[in-house]
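Residues per chain, in single letters:
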Amino acid sequence: MTSQPSIWQPPAIRSIEPGHRQATWAELFFDLIFVVAVAQLAAFLLHNPTWRGVGIYTLVYLPVWLGWVFASIYANRFDTDDLGQRLITFAQMLAVAAMAASIAEETGLQFAIAIAVFRLLVALSYARVRAAVPAARPIANRTMSQMLVSAGIWIGSTFVEGNVRLAFWAVAILVELAVAFVPQWQRLLASVPLHLGHLPERFGLFVIIVLGETVLAVVVGVAEAEWAATAAIFGAIGLTISFSLWWIYFETVTAEAMHHLGAFRPIGWILAHAPLVMGITALGVGVEIAVHFESGEQLHAADALILGGSLCTALLSLGLISAADAVDSSRIGAFARRLPAAVLVFVVALLPISAHAVITILAVITAAEATYDVWASRTKVSVPVEGHSAT
């Protein structure tokens, strides 16, 4: 019989392990809590379809998503799934639950505290790395400093109110993002490799979470319309937009960029997922709103901006991810490939036509994009490099 590993195992560099590595049950449970947070973010945007609402939606979504990124990258490199890290993970899940519960809270006080607690728990994970993995001490020290500074700003925001508090949040987000653009930090990240099979799978799972939110939004919209024939028909048409985005992502995203640690490409690949998941979540809200409209009724300006702007953002983000994955000579072309469709869906949403016509045209455009990508990959017009496959 083989001996069971100790329940207490210090962090170790897991990213050098050969072969395929799947997400652990703890990681999948961790993702489940973010399903609730994404649903709450969508609900907030649904009830605040204004410029200010979109701004706050973005300002709140980013730190929630960044928290998931910090925890996932830690797990990719160092997680031994021992009792100590499981306890930290469960504490992080409680913090995410608190974030979700406080998203609609008017002052944002509890939200800021929950975000700060999450950052402190990430710092605690890296403190364990610092003690157990000498080779990773530089990256552990830098990440701990980053998390502690960010947590301090989030805590500081609880002592101010209104727009000043929102400004504190923006500064905290910038602190977390700014280091990604520092060449020294990019080289430091390369000092501890990433597991190149595990990490793309984790990002793909989060994309599926937000695509699932679009399905939920449409189902809720159809149910609230009491299964009116037009709502059911155009809800189904709206769902094809989500199906097309799923197909585009898993057909074209290769994660080739992650083979180039030490440069900006892998960081750009990761950061491009932020507008993608925010756009897909907002798309579900836009479709949910649109299915409630009567035949021939036009979208209100704010609703049209959410529907068209969200799909435009998602397509542009897919272009950025493809550009990060592409070789140097084809990066501009990879991004430009998405531009016509992104511009077109935004323009169509603003046209003085019925809401149902808008949904139908957007569905046709995204289906055409997905069809072309499938055709291109099958005919070797674009050659995938060790990544996702749709079939």
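Here is what the cut-offs are and how they apply
Residues numbered from 1 in each chain as written. Predicted model: local features only at pLDDT ≥ 70, side-chain atom pairs only at ≥ 80, totals over all residues. Heavy atoms only, no water. Helix = DSSP H or I, 4+ residues; strand = E, 2+ residues; numbered from the N terminus. Rg over C-alpha atoms; globule rule 2.2 N^0.38 Å. Buried < 20%, exposed > 50% of the residue type's maximum accessible area, 1.4 Å probe, protein only. Contact = heavy atoms within 4.5 Å. Areas by Shrake-Rupley, 256 points an atom, 1.4 Å probe, with all protein chains shown as cover. Lys, Arg positive; Asp, Glu negative; His and termini not counted. Charge placed at Lys NZ, Arg CZ, Asp CG, Glu CD. Expected span 1.5 Å × (residues − 1). Axes fitted to C-alpha atoms, helices over the stretch in contact; angles between N-to-C directions. Parallel < 35°, antiparallel > 145°, perpendicular 65-115°, else oblique. Left-handed = near helix turned anticlockwise from the far one by under 90°. Nonpolar A, V, L, I, M, F, W, Y, C, P; charged D, E, K, R; others polar. Phe/Tyr/Trp six-rings, centres within 6.5 Å; stacked < 30°, edge-to-face > 60°. Salt bridge = Lys/Arg side-chain N within 4 Å of Asp/Glu carboxyl O. Core = buried A, V, L, I, M, F, W, Y, C linked by side-chain atoms within 4.5 Å. Patch = residues over 30% accessible without salt bridge, like charges linked within 9 Å, V, L, I, M, F, W, Y side chains within 5 Å.

Undergrad: Got a minute to help me understand the overall build of the chain in this structure?
TA: Of the regular secondary structure elements, the chain holds 15 helices and zero strands. For 391 residues, the compact-globule formula gives about 21 Å, and the C-alpha radius of gyration of the chain, at 21 Å, lands near that figure. Looking at the chain as a whole, 53% of its 391 residues are labelled buried. Pairs at least 24 residues apart make up 80% of the contacts formed inside the chain by residues separated by at least 6 positions. Per element, the accessible surface of the chain, about 16,800 Å² overall, is 70% carbon and sulfur. Within the chain, the 25 negative side-chain charges are centred at a point lying 14 Å from the centre of the 19 positive side-chain charges.

Undergrad: What am I meant to see in helix 11 (residues 273-290) here?
TA: Along an α-helix, residues three or four positions apart point the same way, because every turn accommodates 3.6 residues. With 18 residues, helix 11 should reach 26 Å at 1.5 Å per residue; the first-to-last C-alpha distance of 25 Å fits that figure. Counted residue by residue, helix 11 has 17 buried out of 18 residues, so it is predominantly covered.

Undergrad: What is the right way to look at the packing of helix 1 (residues 25-47) against helix 11 in this model?
TA: A pair of packed helices is captured by two measures, namely the crossing angle of their axes and the spacing between those axes. Two elements in contact, helix 1 and helix 11, have axes whose closest approach is 9 Å; the angle formed by their N-to-C orientations is 50°. The angle between helix 1 and helix 11 falls in the class oblique. Crossing of helix 1 against helix 11: the hand is right-handed. Counting all contacts with helix 1, which are made through Val38, Ala42, Leu45 and Leu46, the residues of helix 11 involved are Thr281, Ala282, Val285, Glu288 and Ile289. Taken together, the residues of the contact of helix 1 with helix 11 break down into seven nonpolar, one polar and one charged.

Undergrad: Mind showing me how you'd approach the packing of aromatic side chains here?
TA: Both the distance between ring centres and the angle between the ring planes are used here to describe each pair of aromatic rings. Considering all chains together, one arrives at 18 aromatic pairs under this definition. Relative to Phe34, the ring of Phe30 has its centre 5.1 Å away and its plane inclined at 65°; by these criteria the two rings are edge-to-face. Highlighted residues: Phe30 and Phe34, both in helix 1, separated by four residues, approximately one helical turn. By the burial criterion, Phe30 is buried, and Phe34 matches it. Seen from their ring centres, Phe34 and Phe206 are 6.2 Å apart, and the 65° between their planes marks the pair as edge-to-face. In this pair, Phe34 sits in helix 1 while Phe206 sits in helix 8 (residues 198-224), placing the two residues 172 residues apart along the sequence. The same class applies to Phe34 as to Phe206, namely buried. Through successive ring pairs, a cluster of aromatic residues spans Phe30, Phe34, Trp68, Phe118, Phe203, Phe206 and Trp269.

Undergrad: What is the right way to read the pattern of salt bridges from this model?
TA: For side chains bearing opposite charge, pairing can occur when the charged atoms are close. Scanning all chains against the criterion turns up nine salt bridges. A salt bridge links Glu369 to Arg337, with the shortest nitrogen-to-oxygen separation between them at 3.0 Å. With Glu369 in helix 15 (residues 355-378) and Arg337 in the loop between helix 13 (331-336) and helix 14 (339-350), this residue pair connects regions lying 32 residues apart in the sequence. Since its relative accessible area comes to 24%, Arg337 is described here as partly exposed. Between Arg338 and Glu369 there is a salt bridge, with the nearest N and O atoms lying 2.8 Å from each other. One end of the pair, Arg338, is in the loop between helix 13 and helix 14; the other, Glu369, is in helix 15, with 31 residues separating them in the sequence.

Undergrad: Help me out: how do you make sense of the environment of Leu177 in this one?
TA: Structurally, Leu177 can be placed in helix 6 (residues 162-178). Along the chain, Leu177 and Ala131 lie 46 residues apart, while their C-alpha atoms are 26 Å from each other. Setting aside its immediate chain neighbours within four residues, Leu177 contacts Leu66 and Leu271.

Undergrad: Any chance you could explain unusual backbone geometry here in plain terms?
TA: Most peptide bonds take the trans configuration, and most residues that are not glycine carry a negative phi. Residues other than glycine seldom take positive phi values, yet Asp81 does so here, at roughly 55°. If you trace the backbone, Asp81 turns up in the loop between helix 2 (51-78) and helix 3 (83-102). A relative accessible area of 24% places Asp81 in the partly exposed class. Within the chain, Ala255 stands out as a residue other than glycine whose phi angle is a positive 60°. Mapped onto the fold, Ala255 is located in the loop between helix 9 (229-252) and helix 10 (265-271). A residue is classified by how much of its surface remains accessible, and Ala255, at 4% relative accessible area, is buried.

Undergrad: Even after reading the chapter, I still don't get the nonpolar core, so can you show me in this structure?
TA: Among soluble globular proteins, nonpolar side chains are generally buried collectively. Within the largest apolar cluster, 120 residues are counted, with the highest numbers of intra-cluster contacts made by Tyr61, Trp65, Phe206, Tyr249 and Trp269. With 16 residues, the top contributor of residues to this core is helix 2. Discounting residues that sit within four places of it in the chain, Trp269 has contacts with Pro200, Phe203, Tyr249, Val253, Ala255, Ala257, Met258, Ile321, Ala324 and Asp325.

Undergrad: What exactly am I supposed to notice about a nonpolar patch on the surface here?
TA: A grouping of Ile7, Trp8, Phe29, Leu32, Val35, Val36, Leu87 and Phe90 is seen on the molecular surface, where their side chains present a nonpolar patch of about 770 Å² in accessible area. For the nonpolar patch, the secondary-structure elements that each account for two or more residues are helix 1 and helix 3. Mapped onto the secondary structure, Leu87 falls in helix 3.

Undergrad: Looking at this model, I keep getting lost on helix 1. Mind explaining?
TA: Between the first and last C-alpha of helix 1 there are 34 Å, a value that for 23 residues agrees with the 33 Å anticipated at 1.5 Å per step. Where helix 1 is concerned, the buried positions are Ala26, Glu27, Phe30, Asp31, Ile33, Phe34, Ala37, Val38, Leu41, Ala42, Phe44 and Leu45. If you follow the buried residues of helix 1, they end up packed against helix 2, helix 3, helix 4 (109-132), helix 8, helix 11 and helix 12 (301-325).

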